[in-house]
Amino acid sequence: MQSPFISKKGFFFIFMYQTKDMKKVLIIFAHPMEQKSRVNRELIDAVDGMDHVTINNLYERYPDFFIDVKYEQGLLLKHDVIIWHHPFYWYSAPALLKEWFDLVLEHGFAYGKDANALKGKKVMNCITTGGREATYAAGGLNRYPIDNYLLPFNQSAHLCKMKYLKPFVVHGVHLLTKEEIENYKIQYKQLIKKLGNGDQ
Ligand SMILES: Cc1cc2nc3c(=O)[nH]c(=O)nc-3n(C[C@H](O)[C@H](O)[C@H](O)COP(=O)(O)O)c2cc1C
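(A) Expanded view of helix H2 (residues 40-47). Buried residues of H2: Asn40, Leu43, Ile44, Ala46 and Val47, and no others. In an axial view of H2, the angular spread of the buried residues amounts to 155 degrees, which keeps them on one side of the axis. Those residues of H2 that are buried lie in contact with strand S1 (25-29), strand S2 (53-57), strand S3 (81-87), strand S4 (122-128), strand S6 (168-170) and helix H8 (178-197). Remark: glycine 49 follows H2 within two positions and exhibits a positive phi of approximately 95 degrees.

(B) Structural detail: the site of the ligand. Near the ligand you find 18 residues, and of these Ser37, Arg38, Asn40, Thr128 and Tyr136 are the closest. Between the ligand and asparagine 40 there is a distance of 2.6 Å, counted from an oxygen atom to a side-chain nitrogen or oxygen. Within the side chain of threonine 128, a nitrogen or oxygen atom sits 2.5 Å from an oxygen atom of the ligand. When the ligand sits alone it has 640 Å² of accessible area, and the protein chains cover 78% of it. Residue composition of the shell around the ligand, by class: nine nonpolar, eight polar and one charged.

(C) Focus on the layout of surface pockets. Approximately 380 Å³ is the volume attributed to the largest pocket. Residue lining of the largest pocket: 16 residues in total, with Lys166, Pro167, Phe168, Val169 and Gln187 positioned closest to the centre. Put simply, the parts of the chain that give the lining of the largest pocket at least two residues each are helix H6 (146-149), S6 and H8. Residue classes in the lining of the largest pocket are distributed as eight nonpolar, four polar and four charged.

(D) Molecular detail of unusual backbone geometry. At phenylalanine 65, a position not held by glycine, the phi torsion is positive, near 70 degrees. One can find phenylalanine 65 in the loop between helix H3 (58-61) and helix H4 (69-77). Look at arginine 143: it is not a glycine, yet its phi comes out positive at around 65 degrees. Position of arginine 143 relative to the elements: it lies in the loop between S4 and H6. Overall, the relative accessible area of 52% leaves arginine 143 in the exposed class.

(E) Structural context of the environment of valine 25. Structurally, valine 25 can be placed in strand S1. Between the alpha carbons of valine 25 and lysine 122 there is a distance of 9.3 Å; along the sequence they are 97 residues apart. The contacts of valine 25, once residues within four sequence positions are left out, are His52, Val53, Thr54, His79, Val81, Ile83, Ile192, Leu195 and Gly196.

(F) Region of interest: the environment of glutamate 99. Turning to its location among the elements, glutamate 99 is positioned in helix H5 (residues 95-104). Dropping the residues within four chain positions of it, glutamate 99 is found in contact with Phe65 and Ile67.

(G) Highlighting the pattern of salt bridges. For the structure shown, the criterion picks out six salt bridges. Linking arginine 41 and glutamate 34 is a salt bridge whose minimum nitrogen-to-oxygen distance equals 2.0 Å. When its relative accessible area of 17% is taken as the criterion, glutamate 34 is described as buried. Across the pair lysine 113 and aspartate 114 runs a salt bridge whose closest N-O atoms are separated by 3.7 Å. Overlapping salt bridges bring together Glu34, Arg41 and Asp45 as one network.

Conventions used here
- Residues numbered from 1 in each chain as written.
- Predicted model: local features only at pLDDT ≥ 70, side-chain atom pairs only at ≥ 80, totals over all residues.
- Heavy atoms only, no water.
- Buried < 20%, exposed > 50% of the residue type's maximum accessible area, 1.4 Å probe, protein only.
- Helix = DSSP H or I, 4+ residues; strand = E, 2+ residues; numbered from the N terminus.
- Arc of directions from axis to C-beta.
- Contact = heavy atoms within 4.5 Å.
- Near = heavy atom within 4 Å.
- Polar contact = N/O pair within 3.5 Å; in protein donor to acceptor, adjacent residues only side chain to side chain.
- Areas by Shrake-Rupley, 256 points an atom, 1.4 Å probe, with all protein chains shown as cover.
- Nonpolar A, V, L, I, M, F, W, Y, C, P; charged D, E, K, R; others polar.
- 1 Å grid on protein atoms, 1.4 Å probe; cavity = no way out; pocket = protein on both sides within 12 Å on 5 of 7 lines; lining within 4 Å.
- Points joined across faces, edges and corners; volume = space filled by probe spheres on them.
- Salt bridge = Lys/Arg side-chain N within 4 Å of Asp/Glu carboxyl O.

By themselves, these observations are geometric and do not establish any function.
This is how it looks when you write it as structure tokens:
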């Protein structure tokens with residue numbers, strides 16, 4: 001039935017206006033054991049299909065570790081916000097994401113004199129950790145706050161003239177209840193929506 005307040009054409013224009021102005025978010029997902037994932041898979045499923053979101057699953061795309069550098073650089077150029085989404089492995093990222101850093105963030109493209117391809121883009125980590133939040137503090141097993149361990153990402157972003165945002169961290173994944181995981185999915189989806197609206 002035709003709305004008394006707005007025509008079909010009006011709906012179409014409002015829809016076009018909303019999606020056109022959304023910031024484009026690229027999620028670079030790196031999980032070598034995705035089939036066993038309890039939390040990351042759920043987080044990815046929560047945001048999969050959002051209009052302004054591209055999910056680039058590195059282990060699915062490059063099972064042999066041969067990264068298509070030009071393709072990856074092209075993806076970066078087409079997006080406004082980049083998310084390095086991965087489980088926290090040995091206080092860092094799984095190996096293929098490190099390979100991605102080594103090859104894709106090339107001198108002359110990502111950093112160096114007159115290299116401004118990534119300038120002004122926003123970037124952040126989305127990570128899950130086995131260690132509970134309390135362990136990432138002085139006196140805890142992991143001794144230092146999680147932000148300390150993420151400094152190489154933060155500094156890499158800085159070198160590439162990108163703006164490093166506060167990370168989205170899910171701690172103690174093995175102890176989370178289904179309800180807690182559901183809650184994190186809602187939070188992640190809200191964050192991705194905000195990033196799309198430029199509110200974050
Ligand atoms: C090789 C490996 C290294 C890991 N290193 C860490 C670590 O440094 N700190 C930590 O808190 N958890 C560590 N973990 C636990 C993972 O972060 C945890 O299993 C993962 O976040 C679970 O996410 P998922 O349910 O999506 O697989 C490690 C796990 C593996 C398999």
